[in-house]
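Given next are the chains, with one letter for each unit.
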Amino acid sequence: MEAAAAGRDMFEEIVMAEERFHGEGYQEGYADGSHVGVVEGRRYGSLLGAKIGSEIGFYLGFALTWQCLFQKCTDEKNNKKRRALDYLIRMIQKFPYEDPTYDKLQEDLEKIRGKFKQLCHQLSQVT
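Fair warning: this is a prediction, and the values are worked out from it, not measured in the lab.

1. A look at the environment of Gln67
Summarising the element assignment, Gln67 is placed in helix H1 (residues 2–69). Since its relative accessible area comes to 25%, Gln67 is described here as partly exposed. For the pair Gln67 and Ile89, spaced 22 residues apart in sequence, the C-alpha to C-alpha distance is 9.5 Å. In this structure, Gln67 is in contact with Leu85, Asp86 and Ile89, ignoring residues within four places of it in sequence. One polar contact links Gln67 to Asp86, side chain to side chain, over a distance of 2.5 Å.

Now the structure itself:
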């Protein structure tokens, strides 16, 4: 009887080995994939953040340069352009650089892009 029970246990171990190895392999793969995903996500986030920072920096440099050029102009036509430049600069200064979880980040970025395009049109600049 013990020999039959031992034979059944050995047979059951062989049959269940595939299932056990599948489970262990899944757990190892999941752990490795999670680690690789975090590393890849961090790298992609850094790259995307650098691109956005570069874009915002370009807009700020553009606005500050034009603001300097318009300092001595006092006519109404240039006043409208200066007000638009001031508004763009304020938008950029309020942009949340340090908070990647800000829920309106993309929305604010689109507003800045739109204001930049509007200014380019007003200033007759090609974007």
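2. Overview of a nonpolar patch on the surface
A cluster of nonpolar residues, Phe11, Val15 and Met16, forms a patch on the protein surface that exposes about 300 Å² of accessible area. For Val15, the position within the fold is in helix H1.

3. Comments concerning the nonpolar core
A general feature of soluble globular proteins is that nonpolar side chains tend to end up buried together. Ile56, Phe95 and Ile112 are the most contacted members of the largest nonpolar core, which totals 21 residues. Listing elements by their share of this core, those giving two or more residues are H1, helix H2 (76–94) and helix H3 (105–122). Apart from the residues lying within four places of it in its own chain, the contact partners of Phe95 are Ile52, Ile56, Leu105, Asp108, Leu109 and Ile112.

Rules used in this analysis
- Residues numbered from 1 in each chain as written.
- Predicted model: local features only at pLDDT ≥ 70, side-chain atom pairs only at ≥ 80, totals over all residues.
- Heavy atoms only, no water.
- Helix = DSSP H or I, 4+ residues; strand = E, 2+ residues; numbered from the N terminus.
- Buried < 20%, exposed > 50% of the residue type's maximum accessible area, 1.4 Å probe, protein only.
- Contact = heavy atoms within 4.5 Å.
- Polar contact = N/O pair within 3.5 Å; in protein donor to acceptor, adjacent residues only side chain to side chain.
- Patch = residues over 30% accessible without salt bridge, like charges linked within 9 Å, V, L, I, M, F, W, Y side chains within 5 Å.
- Areas by Shrake-Rupley, 256 points an atom, 1.4 Å probe, with all protein chains shown as cover.
- Salt bridge = Lys/Arg side-chain N within 4 Å of Asp/Glu carboxyl O.
- Core = buried A, V, L, I, M, F, W, Y, C linked by side-chain atoms within 4.5 Å.

Everything listed here is a matter of coordinates, which is why it stays silent on function.
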